[in-house]
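Inside the fold
As a plain string of letters, each chain reads:
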Amino acid sequence: MVTSNLSRYTRVSWSHFPRYSLTLPSYNYSSFTSTLNTTTPISVFLNAKRLSSVSAMDKEFPLGLDEVSEKEYATQSNLLNEFTSISNIDKAWVFKSDTDLTASQGMFCVSQPNLLANKRRKFVLSSNISKQSNDSVTFEWSPFPFEMSGVSVMVPSPSGSKLLIVRNPENEGPSRFEIWSSSYLLREFHIPQSKHGSVYTDGWFEGISWNSDETHIAYVAEEPSPVKPAFNDVGGYKKGGSSDKDCGTWKGQGDWKEEWGETYAGKRQPALFVINITSGEVQAVKGIDKSLSVGQVVWAPSTEGSSQYLVFVGWSFETRKLGMKYCYNRPCALYAVKAPHHESKANETEVHSTEDVLALNLTQTINSAFFPRFSPDGKFLVFLSARTSVDSGAHSATNSLHRMDWPRDTKLYQSAKVHHVIPVVLCAEDGGFPGLYCPSVLSDPWLSDGYTLIIASVWHSSQALLSVNVLSGEILRITPADSNFSWSLLTLDGNNILAVSSSPVDVPQIKYGIIVKKAADNNEWSWSDVSNPIFKCSDKVRSLMSSLMFSVMKISVKDASESLTKGASKPFEAIFVSSKTKKSDACDPLIVVLHGGPHSVSLSSFSKPLAFLSSLGYSLLMVNYRGSLGFGEEALQSLPGKVGSQDVNDVLNAIDHVINLGLASPSKIAVLGGSHGGFLTTHLIGQAPEKFVAAAARNPVCNIALMVGITDIPDWCFVEAYGTTGRDRFTEAPSTEDLTLFYSKSPISHLSKVKTPTLFLLGAQDLRVPISTGLQYARALKEKGVEVKVIVFPNDVHSIERPQSDFESFLNIGVWFNKYCK
């Protein structure tokens, strides 16, 4: 799953590029140029008048810029700033009022990148929510937000009476746990590295859960630092090691340990801990096999007089930990383990046998289980599964939803029956449910009936909200079916829903959903706009967006053969963004935008970088080629074994489609993609060299034969090149036959035909598609005389997500395309 954040479920979708929320203070050109990774300084900064009076001969420019490009930088950076000022909502919670049943309190965790600090700024904004008798709702927002400086994660208790704030250290210091009440700090604890390292807050291994009486918190953190050998200049090896304060000694490296790849470099094994929030006592949870990496912990329902259990997800590994980020094809299971006792050891009389302590695998009959959630009454446990990913080897595929009964006597059995609530959809009927594709599940996703689950799922080129009856399996799409907007789920307010709706040309809008009772129990949902200060944007941005429109196009498969499955023969989709009015007979230049993965999706949601490119006067064509999420399992599984051909042909087919409709000019087409989208970008400029006037690729897969030996996901290379059989062929020592096939499937095999000027944006710390693959291709293009520009971000990983890098990346894309397309 080579993926970066244009995404699995991003607001853009490359494969996983971050949501692009870029923030910059009012533009200052000198401060901006200081963020560029250049080796040639700008020696003078001049205003517009002086610029016109200084010749290019007398002036030094940043590396790769001329006077025209520098003016483009200045102009476009001002425009980009207009988009980056819009905030993102990362999480939200609603707390019930103790005195007024019609009122509640909303708390929103909001973020903006802090460009100068090259970090994300987090702040909290609150609102009083009042529901009227006519089902209308009003939000009264606090006048200002407050910044959560240094906060890694915050989690309210179930009742909303307490708030956990975790501050992870930036060095080898302790982790700080703060327990807040509504008005003051109740407790603060510093957890030393000898107990555990940083708490996991990555959204995947991450798990923080309060118990029902709000006295203990279970969480996932790095296991303690291993003891390393010590040496001195007298006797060599020093027995017993050394402390950091010992003079005359140094610590050796010790044994190297496998990590979970991209974004987890330098992170120690995730392990499970419980803290008593009264005493601050932290205990590691016993009974978990050392071969398991743990995550997503939740407390099981408590039963008076019985032991308390924790349920968590465990990932095992044999000879190697393969890359985990975005890869749902790693086998995992749900486990139950007894929570540690926190009574003093003097009072501890209960003795447990070894079997009584060991964690129990609850899902032996299924090879993938994650996001466990207990029903409100504690009678059953539901979870998602990516078993089709595990079985096929595809890094992401169609999910299924399952339920298992939870015993009231807490006697757990490995043979517990797993009920299949939502099966994998192979081929959706026209207009019907296409299958489950869930980016996440709320910690409390239940309506008051106790069996209706609210989730967000990809539905073709959009994301929709669904209600699922986990007893009957009934699925309802509760967001408007006649709209192509995408919806994300924030939180529940009792039986009501807080969500965000947006489109490629509509800035995000908070929505409040209420069930409307209809005859014959045919309930519907009514959605109203929530006036809010979070998604405020400038008049300029609103004006630019109002001049654009978008549509979702269905594109018939070209040259479909009888060997294709029904699902793979159905039309795929592309999102087309364009101006509402033609300024002349000529069409606007077209940028073809390609997501990564390849099993990801471009969503019809608002993306700041793509909105920025649209505002420069480009039409956009975001192609969800066959193999994308959201269209059923048969369509998705049609791509492995055919990368570099089927996906390339689908993109070319989509381009011809808009040209034939008179919506694009064949002489003004650029292409942009990251990760597998970069794979397609570099394939297209080789296989259709006359088609594109410019290209930009972020961390592209250019040579699978080179990548297979250095990536954190070598299995991806086998599966996407061979198909499902590649899962069984995978080896750390590829044969000559393997390497030959990998090369033939790669863009570098078509390099001799390339003539398109190409911009490469590469993260030096990328473990997914290591930088050497992009540099090899770029150097080979230079060698044959093709115009190439390469920007390397020294501290960035595959997603190129650091604020300064993200800003510079899309600014360069805009300048590069303007140079060749206009």
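Let us look at the structure shown here. Owing to the predicted nature of the structure, the values given are computational and were not obtained by experimental measurement.

With that out of the way, let us pick up the overall build of the protein chain. When helices and strands are tallied, the protein chain shows 17 helices and 39 strands. Taken across its 822 residues, the protein chain has 59% of its residues classed as buried. For the protein chain, contacts bridging at least 24 residues in sequence account for 64% of all contacts bridging at least 6. Counting every atom, the protein chain has about 34,000 Å² of accessible surface; 51% of that belongs to carbon and sulfur.

Now for the environment of L310. Positionally, L310 belongs in strand β18 (residues 309-316). Taking the relative accessible area as the measure of exposure, L310 reaches 0% and is therefore buried. Sequence-wise, L310 and Y335 are 25 residues apart; in three dimensions their C-alpha atoms are separated by 8.1 Å. With residues near it in sequence (within four places) discarded, L310 still touches A218, L272, V274, V285, V297, V298, W299, Y335, A336, V337 and A339.

With omega at 10°, the peptide bond leading from G597 into P598 counts as cis. Relative to the elements of secondary structure, P598 occurs in the loop between β34 (590-594) and α8 (608-615). In this structure, T263 takes a positive phi of about 70° despite not being glycine. Relative to the helices and strands, T263 is located in the loop between β14 (249-251) and β15 (270-276). Under the relative-accessibility criterion, T263 is labelled partly exposed at 33%. Of note, Q296 is a non-glycine position whose phi angle comes to about 55°, a positive value. Mapped onto the secondary structure, Q296 falls in strand β17 (residues 292-299). For Q296, a relative accessible area of 5% corresponds to the buried category.

Turning to the pattern of salt bridges, a few remarks are in order. Per the stated rule, a full pass over the model turns up 24 salt bridges. Its salt-bridge partner being K96, residue D493 comes within 3.2 Å of it at the nearest N-O pair. Residue D493 is located in strand β28 (residues 486-493), and its partner K96 is located in strand β1 (residues 88-96); the two are separated by 397 residues in the primary sequence. For D493, a relative accessible area of 1% corresponds to the buried category.

Take the environment of N88 next. Among the secondary structure elements, N88 is positioned in strand β1. Separated by 34 residues in sequence, N88 and K122 have C-alpha atoms that sit 9.7 Å apart. A distance of 3.4 Å separates polar atoms of two side chains, one belonging to N88 and the other to K608.

Attention now moves to the pairing of strand β30 (residues 506-516). The sheet contact formed by strand β29 (residues 496-503) and β30 spans six bridges and is antiparallel. When the bridges of β30 are listed, V500 appears paired with I510. Here β30 pairs with strand β31 (residues 524-529) via six bridges, running antiparallel. Along β31, the bridge assignment pairs Y512 with S528.

Once that is clear, we can look at the sheet that holds strand β27 (residues 475-477). Spatial ordering of the open sheet is given by β25-β26-β27, a layout of three strands whose pairing is antiparallel. Of all the strands in the sheet, the pair left with one neighbour each is β25 (452-459) and β27. For this sheet the average axis-to-axis angle between neighbouring strands, irrespective of direction, equals 30°. By the bridge criterion, three bridges tie strand β26 (residues 462-469) to β27 in an arrangement that is antiparallel. The residue bridging S467 from the neighbouring strand is L476, located in β27.

This brings us to the packing of aromatic side chains. Summed over the entire model, instances satisfying the criterion amount to 32 aromatic pairs. Taken together, the ring pairs connect Y200, W204, F205, W260, Y264, W315, F317, Y328, F370 and F371 into an aromatic cluster. In this arrangement the basic side chain of K267 is found over the ring face of Y200, its NZ or CZ atom lying 4.5 Å from the centre.

Pairing in this open sheet of four strands is antiparallel, and the strands run β17-β18-β19-β20 from one edge to the other. Where the open sheet ends on each side, the last strands, each with one partner, are β17 and β20 (360-361). Pairing analysis gives seven bridges linking β18 to strand β19 (residues 332-338), with the strands arranged antiparallel. Paired with L310 across the strands is V337, a residue of β19.

Axis separation between helix α13 (residues 714-722) and helix α15 (residues 736-744) bottoms out at 10 Å; the angle between their running directions is 70°. Classified by the interaxial angle, the pair formed by α13 and α15 is roughly perpendicular. Of α15, the residues touching α13 (which contributes C717, F718, A721 and Y722) are E737, D738, L741 and F742. When grouped by side-chain class, the residues that make up the contact of α13 with α15 number six nonpolar, no polar and two charged.

For the pair helix α3 (residues 67-84) and α8, interaxial distance at closest approach is 9 Å and the crossing angle is 135°. Between α3 and α8, the crossing angle belongs to the class labelled oblique. The handedness of the crossing between α3 and α8 is right-handed. Contacts from Q76, L79, L80 and F83 of α3 reach α8 at K608, A611, F612 and S615. A class-by-class count of the residues in the contact of α3 with α8 yields five nonpolar, two polar and one charged.

Further remarks concern the layout of surface pockets. Counted as a void, the second largest pocket has a volume near 1,200 Å³. If you go around the second largest pocket, you meet 42 residues; those closest to its centre are E223, P224, S225, P226 and R268. Those elements that provide at least two residues to the lining of the second largest pocket are β15 and β17. When residues of the lining of the second largest pocket are assigned to their parent elements, the largest contribution, four residues, is made by β15. Class assignment for the residues of the lining of the second largest pocket results in 16 nonpolar, 11 polar and 15 charged.

Calculation notes
- Residues numbered from 1 in each chain as written.
- Predicted model: local features only at pLDDT ≥ 70, side-chain atom pairs only at ≥ 80, totals over all residues.
- Heavy atoms only, no water.
- Helix = DSSP H or I, 4+ residues; strand = E, 2+ residues; numbered from the N terminus.
- Buried < 20%, exposed > 50% of the residue type's maximum accessible area, 1.4 Å probe, protein only.
- Contact = heavy atoms within 4.5 Å.
- Areas by Shrake-Rupley, 256 points an atom, 1.4 Å probe, with all protein chains shown as cover.
- Salt bridge = Lys/Arg side-chain N within 4 Å of Asp/Glu carboxyl O.
- Polar contact = N/O pair within 3.5 Å; in protein donor to acceptor, adjacent residues only side chain to side chain.
- Pairing = 2+ DSSP bridges.
- Axes fitted to C-alpha atoms, helices over the stretch in contact; angles between N-to-C directions.
- Phe/Tyr/Trp six-rings, centres within 6.5 Å; stacked < 30°, edge-to-face > 60°.
- Lys NZ or Arg CZ within 6 Å of the ring centre and 35° of its normal.
- Parallel < 35°, antiparallel > 145°, perpendicular 65-115°, else oblique.
- Nonpolar A, V, L, I, M, F, W, Y, C, P; charged D, E, K, R; others polar.
- Left-handed = near helix turned anticlockwise from the far one by under 90°.
- 1 Å grid on protein atoms, 1.4 Å probe; cavity = no way out; pocket = protein on both sides within 12 Å on 5 of 7 lines; lining within 4 Å.
- Points joined across faces, edges and corners; volume = space filled by probe spheres on them.

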